[in-house]
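Residue-level structure breakdown
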Amino acid sequence: MKPVNAAALLAEVEAIAVAAGELILSVYAQPFAVQTKADHSQLTEADERSEAHITPALQALLPDVPVVAEEAVSRSGAPQVGRSFWLVDPLDGTREFVLRNGEFTVNIALVEDGVPVLGVVYAPALGRMFAGVAGARADPASPGAWLQDAAGRRRIACRTCPAQGATMAVSRAHGHSPALEAWLSKQNVFQRLPAGSALKFGLLAAGEADVYPRFGRTMEWDTAAGHAVLMAAGGQVLDLQGLPLRYGKPGFDNPDFVAVCRAR
């Protein structure tokens, strides 16, 4: 992929996410049907509307970069990807959307050489957008991660874990597995902070939590955008062998992982 202005690209992706969020909220504001996909996950018109906007918008932005989007993969399988590709979850947290608790997000990430280098996590019902440029694309004019909400737009960064112990972000739907409890028995955790979708990565990036362990199946489009934001804020996402989580894996399945605030 030819070099691009990271700040300009991020602004374009943020605008795409906001437009997708408006489509999602138009469905959210009225009664909607819920379908069940072959993998037993839920699907609504909002998922489909969001993806139908995001995919062509990203293709217009970078025509040579393939888009791997959840619903298209569910219908037709994944496209061939090379060194650079987009990962899109048009509505992460469909369960939260159906429950109407507001904790769902639009996730868009750009991956280069297995690393998510740009990410946007937008929660339209909450009015919070986490965005970041990591790695080589964090040019001197626009390094790091941002949060935009009712208070405006500001830089965010991971915090040092408090002496009293970590605040652990946990999934509302997948927060009490035996594997998680076994892992917790070896950690100094002060409190748990439940959150839906990729918002958990945003909480770490904004210094509102310190660790997010996930034991159980996730897909790359679930994590890539949040991973990019977290890296831009100074954190990392590691598998259980302590290696950085990579992208473009066969089937786009993730292993168990732990997201942490401060790179060690």
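The present account deals with the structure reproduced in this document. On a predicted model such as this, the values are computed, not experimentally measured, just so you know.

Re the overall build of the protein
- Of regular secondary structure, the protein possesses seven helices and 16 strands.
- Taken against the 2.2 N^0.38 rule, which gives 18 Å for 264 residues, the C-alpha radius of gyration of the protein at 17 Å falls within 12% of a compact globule.
- Counting all 264 residues of the protein, 54% fall into the buried class.
- Partitioning the contacts of the protein with sequence separation of at least 6, the portion at a separation of at least 24 is 64%.
- If you sum the accessible surface of the protein, you get close to 11,500 Å²; carbon and sulfur atoms cover 54% of it.
- Of note, the protein has its 23 positive side-chain charges centred 5 Å away from the centre of its 27 negative side-chain charges.

A closer look at helix H7 (residues 220-232)
- A rise of 1.5 Å per residue sets the reference length of H7, with its 13 residues, at 18 Å; its end C-alpha atoms lie 18 Å apart and thus fit the reference within 8%.
- Most of H7 is tucked away, with twelve of its 13 residues classed as buried.
- Buried residues of H7: Glu 220, Trp 221, Asp 222, Thr 223, Ala 224, Ala 225, Gly 226, His 227, Ala 228, Val 229, Leu 230 and Ala 232, and no others.
- Looking at the residues trailing H7, positive phi occurs at Gly 234, about 105°.

Examining the packing of aromatic side chains
- Taken as a whole and judged by the stated rule, the model has ten aromatic pairs.
- With centroids separated by 5.1 Å and ring planes inclined at 75°, the aromatic side chains of Phe 97 and Phe 104 adopt a geometry described as edge-to-face. Accessibility assignment for this pair places Phe 97 and Phe 104 in one class, buried.
- Taking the centre distance of 6.4 Å and the plane angle of 35° together, the rings of Trp 221 and Phe 252 count as tilted. Pair noted here: Trp 221 is in helix H7 and Phe 252 is in the loop between strand S14 (236-239) and strand S15 (253-254), with a separation of 31 residues, a long-range link.

Comments concerning unusual backbone geometry
- Of note, the phi angle at Arg 100 is positive, near 60°, even though the residue is not glycine.
- Along the chain, Arg 100 turns up in the loop between helix H4 (94-99) and strand S5 (105-112).
- The backbone of Phe 252 shows a phi angle near 60°, a positive value even though the residue is not glycine.

Thresholds, definitions, all that
- Residues numbered from 1 in each chain as written.
- Predicted model: local features only at pLDDT ≥ 70, side-chain atom pairs only at ≥ 80, totals over all residues.
- Heavy atoms only, no water.
- Helix = DSSP H or I, 4+ residues; strand = E, 2+ residues; numbered from the N terminus.
- Rg over C-alpha atoms; globule rule 2.2 N^0.38 Å.
- Buried < 20%, exposed > 50% of the residue type's maximum accessible area, 1.4 Å probe, protein only.
- Contact = heavy atoms within 4.5 Å.
- Areas by Shrake-Rupley, 256 points an atom, 1.4 Å probe, with all protein chains shown as cover.
- Lys, Arg positive; Asp, Glu negative; His and termini not counted.
- Charge placed at Lys NZ, Arg CZ, Asp CG, Glu CD.
- Expected span 1.5 Å × (residues − 1).
- Phe/Tyr/Trp six-rings, centres within 6.5 Å; stacked < 30°, edge-to-face > 60°.

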